[in-house]
2 protein chains.
Amino acid sequence: MSAMPYSPVTEEVLAELARIVGERHVLTDPEKLEAYSHDEVADRECAAMPEVVVRPQTAEEVARIVRLAYERRIPVTPRGAGSGLSGGAVPLFGGIVLSTERMNHILEIDEANMMAVVEPGVVTNDINEAVAALGLFYAGYPMSLETCCIGGNVAENAGGGKAIKYGVTERYVLGLDVVLPTGQIVELGGKRLKDVTGYNVLKLMVGSEGTLGIVTRIILRLLPLPTAQVVLLVPFADVRSAVAVVPVLMTAGGVIPTAIELMDRLSVQASCRYLNEQLDYERAGAMLLIEVDGSDEEIVRRDYERIGEICLDHRAQEVYVADNHTTRERLWRIRRNIAEAFKVISPVQSLEDIVVPTASIPDLMPELDRLSDRFGVQMPCYGHAGDGNLHVTVVKDPAEPMDAWRRKLPECLTELYRAARRLGGTISGEHGIGSKRKAFMPLVAGEAELDLMRKIKRALDPRNILNPGKIVDL
Amino acid sequence: MSAMPYSPVTEEVLAELARIVGERHVLTDPEKLEAYSHDEVADRECAAMPEVVVRPQTAEEVARIVRLAYERRIPVTPRGAGSGLSGGAVPLFGGIVLSTERMNHILEIDEANMMAVVEPGVVTNDINEAVAALGLFYAGYPMSLETCCIGGNVAENAGGGKAIKYGVTERYVLGLDVVLPTGQIVELGGKRLKDVTGYNVLKLMVGSEGTLGIVTRIILRLLPLPTAQVVLLVPFADVRSAVAVVPVLMTAGGVIPTAIELMDRLSVQASCRYLNEQLDYERAGAMLLIEVDGSDEEIVRRDYERIGEICLDHRAQEVYVADNHTTRERLWRIRRNIAEAFKVISPVQSLEDIVVPTASIPDLMPELDRLSDRFGVQMPCYGHAGDGNLHVTVVKDPAEPMDAWRRKLPECLTELYRAARRLGGTISGEHGIGSKRKAFMPLVAGEAELDLMRKIKRALDPRNILNPGKIVDL
C-alpha cells in the first residue's frame, strides 16, 4: 500500500462533522471504531481502523460530509451492515467511515406500481416482511438477508440463492439517489420499468462497491409473491454426481428452478453442528437444495416431480420434499449458515466466490481435488450451483503454522482463479473484489479493461476519496 | 451544431481503409452513401451524409478502422440495420459510417449453457429462428425484429413487446467484445450468469448508442421456449377505459402478463389499412393486445381467463382469444406495423417514446388530449402500456405549412416531455436519445447527471470520435 496524499481527520474536521450530523453521531472512541474496521472477511489483515465514524440520517447530511471530505481530501468509506465478504466496507486509508445505520426506513410501499422506496440501511429481509402481506416480494435473496442491508446489496450487486430464476440485485433497482464523490446529489432512474435516457449510470453505480457514489435512496421493483413453493433436498454419493446433474436440470426440464444450491458433506455437517440441527448427511457426499416456486400448486408439483425424476435418473440417492414453510425454512437455514459455521470451526480460511459457466461445473471439480491435494488444504464447496457460482472455501489446517499458510494462500487462490478462468469463469460472482481480490484482477481482466475501470473512477472521483484502494489501483 | 476539429476523409485515408477491409467494402458513391445518411426517424433534417461507408468483417478490422480514425481524428458512426428511431446511426459530422452488415453470423448456439454467441449484424428474429428447434428462445422482442440487428438492440438497449415479463435487451447480454474509441479490443463478461468483477462496464456499454464502443460479438442468454401462448384482443369504448385497466392487470391478477399493448383506434385503423387486414375496430376507441405465456396450457388458460374477467369487469366491450400461432401472429403483426403505417399516411410526424410509472398511465391521457387541442395536431397513441412506455405520435395536419409545423413541434414535444416528467416518467423508454432528443435531456436530467455522462464519454473517448453529437453535447 503506497502512501496516499490524504489529509488527517483533525479536531476541526471532527467539529465540522459534529455540526453536520450531531455530536453523538460522530464516533472517535477506539473501542467503538474497532467494530467498523472490518467486515466478514476472516483475514484480519484485511482490516483497517477508521479515524472517525459518522452516522448521517439524510442525503443532505451525506452530501455535506462528502463535500467536506472532498475539499480536505479525506477518504470516505460507506458502510452498511458490514456483512460484506471482500473487504468493501473497510477504510483502507483511515479517514471517515460513513455508516448508513440511521438511514434505515422503508419510505414507501407503492402497491399500484409494485415498488418499494427504501433507505440504504434497511435490512434486506425487512423489505420482504413489510410487503408480504400485500402479496408482494423483493426477489433478492442473499444468504445474509437477515443481517445485511439493502444499500450493501446495491453496492456489491448481491446475488443469492434465487438468482437463476430471479436474477441479481441490479434487476430490481429502478432508481437511486446517489451522492457523488464531489458531494453532488443525483437522482438516477425512477419508478419506471424502462428508461434509456442517456448512459446507464444507474447500473454502473450498482456493484461499484461504494467507490463511485453513496446511495441514499433506492427504488426497488417488487413481484407478485409466489403462492406455491417447494424445496427438494437431494443427496448424492459424492460431489461429482451432484454437480453432474446441474446442467441437466437447467436445460432438460424446460423449467428454470428458483434455486439449485450445492452443499458438500463438510458444509452440511458444519452447518448442522453449528445450528444443532439433525440431518442425515453421513451417507451423502453432497446434497442439492432445489427450490421451485410459482403461482399454482399443481404446476409446482409437476415441475418438482420432473426435477426429482431427473435427479433420480442421475444417481440421486433420494429426493426429500419440503412443501411447508417450516421445513423449507429449516433447509434454507442450513444452507444460509454454512459460511458462519465454517468461521466458527476454522477462523483461518478464505471464502471464495468463483463463477463458471453452468455446464462447466463438473469440469471444475477435479481442479478442486487437484488443488486441495497440492496445497494440503481442505476445500469444502457449496453455493449457487444453478448459476455456476460456488463458494469454494480454502481452510487452513490447524496444525499448519500461520506464516506457511500466508505464503501459500495467494498461490492457491491464483491457481483456483486460473482454473475458473480456463473454464470461462471469473473470480467473483456476487461478493465483489474489494481489497481481498484486487491483486488478482489481472488474472481475469486485460490491461485495457482495467484501464477502462480506472478511467471511470478517475473521471467520477478525481481526488480518489471515495472508498479508495478497492477494485483496482489507480 | 458547432464546428468540430475533425479531419476530412482524404484519398489517403480511403486507401488505408481499402487496405483494411478490401476495396469493394469502401463505399464512396453518393447514391450508395445516401442509404446510410438516415435511420427511421421521419424528419430528414435529422439526416447527414457520411464521407465514406466501410463494411468490416472482423473485430480486428473494426479495431484497425477505429485506430486510424483515432489517429486522424475522424468521426466513426457504427450502424446496424438503420432501423433506429432517434438518429443514433446518423453520421452527424460526416466521416466514416462503420456498417456491421457483413458481421452477420450466429457463431455458436451453446445448448448446454443456454446461450447464443452472435455477431452484431445478425437480424434479431434470425436468432429465434435458429434456436426454436432446440426448445429455446431469445426473449428480446422489438417491434422491428424482422429487420433490426441485434447489435443495434444492444446499442439502444431495445425494449419491445414482451419486456414487462422478460425485461429489455440488457437482461440477456452476458458478454460483449467491444472495440473502444481508442481502437483497443476488450472482452467484457462471458458465459456466466453472475459476475461482479469490477465495474459493470458491460451494462454501461448496453444502451450507450455506439458512443462508447463498437460491439463486435455478443453472448446472449436464452430461455426455455414457452410451450403455451395465448393472445387476447380486448376492445374498449375509449382510450381512457383501456388504459385504466392496465395498472389493475399488473397488480390484481398475481400474474405478470408477457405483454400488454395499447392501440388506439387511429393506430389500429392505420395498421389494418396498411396491411390490408380486417379487424372490427370501428366501435372500439382503443384495444389492448394482451399476451400470456408459460410452460403449461392449463395455467395459461387460467391466467388469461382471470385477465379476461378483470378486463370485462373494467368496461371491456369483449375479449377475443387467439390461441393458435396464425391468429396470434396476425394480431402481433398489426401491432408491429403501426409505426410503419403512420409513416405512409403522414410522413411528417414525430414518433415518441415516453415512459411513465404504470399506475400513472391514466393520468397521462388527459395531458395528451390537452396537448392535441392546444397545438392542433393529432396524437395517436399506442405502445407498451404494461410498462408505461407509450409511442405517442405527433402528426402534422397535411394542411399546415411546414414552417409552422417546425416552429411548434419543439414546443409541443417540450410540453409532452414535461407532462411525462411530472408523472415520474422520462422521454425515452427504448428508442434512445440519439440526436433527436438530445436538446431535451435537461428536461429530465439535472446538470450533475448530464455532467456525469459527459465525464464518462470524455474519459473513454478523449477525441470524441465515436458517434459524436449524440446523447449529450460535450
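Structure report, in brief. (Residues numbered from 1 in each chain as written. Chains lettered and ligands numbered in written order. Predicted model: local features only at pLDDT ≥ 70, side-chain atom pairs only at ≥ 80, totals over all residues. Heavy atoms only, no water.)

### Some remarks on the overall build of chain A
Working step 1: Helix and strand content of chain A: 15 helices and 20 strands.
Working step 2: What you see for chain A is a C-alpha radius of gyration of 22 Å, in line with the 23 Å of a compact globule of 474 residues.
Working step 3: In terms of principal-axis extent, the alpha carbons of chain A reach across some 70 × 60 × 45 Å.
Working step 4: Going through the 474 residues of chain A one by one, you find that 66% of them count as buried.
Working step 5: Of the contacts made within chain A by residues no fewer than 6 positions apart, 74% connect residues no fewer than 24 positions apart.
Working step 6: Within the structure as shown, chain A displays about 16700 Å² of accessible surface, and the carbon and sulfur contribution to it stands at 48%.
Working step 7: Each charge sign in chain A was given a centre, from 52 positive and 66 negative side chains, and these centres are 3 Å apart. (Helix = DSSP H or I, 4+ residues; strand = E, 2+ residues; numbered from the N terminus. Rg over C-alpha atoms; globule rule 2.2 N^0.38 Å. Buried < 20%, exposed > 50% of the residue type's maximum accessible area, 1.4 Å probe, protein only. Contact = heavy atoms within 4.5 Å. Areas by Shrake-Rupley, 256 points an atom, 1.4 Å probe, with all protein chains shown as cover. Lys, Arg positive; Asp, Glu negative; His and termini not counted. Charge placed at Lys NZ, Arg CZ, Asp CG, Glu CD.)

### Some thoughts on the side chain of Ser37 of chain A
Residue and element names in this part refer to chain A.
Working step 1: Assignment of secondary structure puts Ser37 in the loop between α2 (30–34) and β2 (52–54).
Working step 2: Only 2.6 Å separates the side chain of Ser37 from the backbone oxygen of Glu34, close enough to count as a polar contact.
Working step 3: Residues within four places of Ser37 in sequence aside, it is in contact with Ala47, Ala48, Met49, Pro50, Val90 and Pro91. (Polar contact = N/O pair within 3.5 Å; in protein donor to acceptor, adjacent residues only side chain to side chain.)

### Focus on the pattern of salt bridges
Oppositely charged side chains are able to pair whenever their charged atoms sit close together.
Working step 1: Under the criterion given, the structure shown has 74 salt bridges over all chains.
Working step 2: One salt-bridge network, in which partners are shared between bridges, spans Arg374, Glu411, Glu415 and Arg418 of chain A. (Salt bridge = Lys/Arg side-chain N within 4 Å of Asp/Glu carboxyl O.)

### Brief notes about the packing of helix α1 (residues 11–21) of chain B against helix α3 (residues 59–72) of chain B
Residue and element names in this part refer to chain B.
Working step 1: One way to put it is that α1 packs onto α3 with a least axis distance of 9 Å and a crossing angle of 165°. Our classification of the angle between α1 and α3 gives roughly antiparallel. Crossing of α1 over α3 shows right-handed handedness. Taking contact as the criterion, the partners of Glu12, Val13, Glu16, Leu17, Arg19, Ile20 and Val21 in α1 are, on α3, Glu61, Arg64, Ile65, Leu68 and Arg72.
Working step 2: Considered class by class, the residues forming the contact of α1 with α3 number six nonpolar, no polar and six charged. (Axes fitted to C-alpha atoms, helices over the stretch in contact; angles between N-to-C directions. Parallel < 35°, antiparallel > 145°, perpendicular 65-115°, else oblique. Left-handed = near helix turned anticlockwise from the far one by under 90°. Nonpolar A, V, L, I, M, F, W, Y, C, P; charged D, E, K, R; others polar.)

### Topic: the relation of the copies chain B and chain A
Working step 1: For the pair chain B and chain A, the best superposition has an RMSD of 0.0 Å and corresponds to a rotation of 180° with a translation of 0.0 Å parallel to the axis. Within this description, the copies of the chain are treated as partners about a two-fold rotation axis.
Working step 2: Comparing interface residues between copies, 100% of those in chain B also lie at the interface in chain A; the contact surface is shared. (Least-squares fit on C-alpha atoms with pLDDT ≥ 70 in both.)

### Some details on the environment of Pro362 of chain A
All names here are of chain A.
Working step 1: Mapped onto the elements, Pro362 comes out in helix α13 (residues 361–375).
Working step 2: Of the residues examined, Pro362 reaches a relative accessible area of 26% and is grouped as partly exposed.
Working step 3: Sequence spacing of Pro362 and Ala112 is 250 residues, and the spatial spacing of their C-alpha atoms is 45 Å.
Working step 4: Contact partners of Pro362, with chain neighbours within four places excluded, come to Val243, Ala244 and Pro247.

### Quick word on the interface of chain B and chain A
Working step 1: The interface of chain B with chain A comprises 78 residues on the first partner and 78 residues on the second.
Working step 2: Both faces combined, the contact of chain B with chain A buries some 6500 Å², and carbon together with sulfur accounts for 61% of it.
Working step 3: The three residues of chain B that bury the most area against chain A are Lys194, Val196 and Tyr199 of chain B, which together make up 15% of that side's buried surface.
Working step 4: Here chain B is connected to chain A by eight salt bridges.
Working step 5: The shortest N-O distance in the salt bridge between Lys194 of chain A and Asp387 of chain B comes to 3.7 Å.
Working step 6: On the surface where chain B and chain A come into contact, there are 26 residue pairs in polar contact (both at pLDDT 80 or more).
Working step 7: Put simply, the parts of the chain that give the side of chain B that touches chain A at least two residues each are α6 (163–166), β9 (185–189), α7 (201–205), α8 (239–252), α10 (297–313), α15 (441–444) and α16 (447–460) of chain B. (Buried area = accessible area lost by both parts, 1.4 Å probe.)

### A closer look at the packing of aromatic side chains
Working step 1: Taken as a whole, this structure holds 12 aromatic pairs over all chains when the rule is applied.
Working step 2: Pairing Phe342 of chain A with Tyr382 of chain A gives two aromatic rings, centres 6.2 Å apart and planes at 25°, and the pair type is stacked. Of this pair, Phe342 of chain A sits in helix α12 (residues 338–345) while Tyr382 of chain A sits in strand β18 (residues 382–384), and the two are 40 residues apart along the sequence. Each member of the pair Phe342 of chain A and Tyr382 of chain A is classed as buried.
Working step 3: Positioned above the aromatic ring of Tyr70 of chain A, the side-chain terminus of Arg463 of chain A is 4.5 Å from the ring centre.
Working step 4: It is Lys162 of chain B that lies over the ring of Tyr141 of chain B; its NZ or CZ is 4.3 Å from the centre. (Phe/Tyr/Trp six-rings, centres within 6.5 Å; stacked < 30°, edge-to-face > 60°. Lys NZ or Arg CZ within 6 Å of the ring centre and 35° of its normal.)

### Structural notes on the packing of α8 of chain B against helix α13 (residues 361–375) of chain B
Residue and element names in this part refer to chain B.
Working step 1: In the contact formed by α8 and α13, the axes pass within 8 Å of each other and the chain directions differ by 155°. Regarding the angle of α8 to α13, the classification is roughly antiparallel. Where α8 approaches α13, its residues Val239, Arg240, Val243, Ala244, Val246 and Pro247 are matched on the opposing element by Ile361, Pro362, Met365, Pro366 and Asp369.
Working step 2: Looking at the contact of α8 with α13, its residues break down into nine nonpolar, no polar and two charged.

This is a description of form; function is not addressed.
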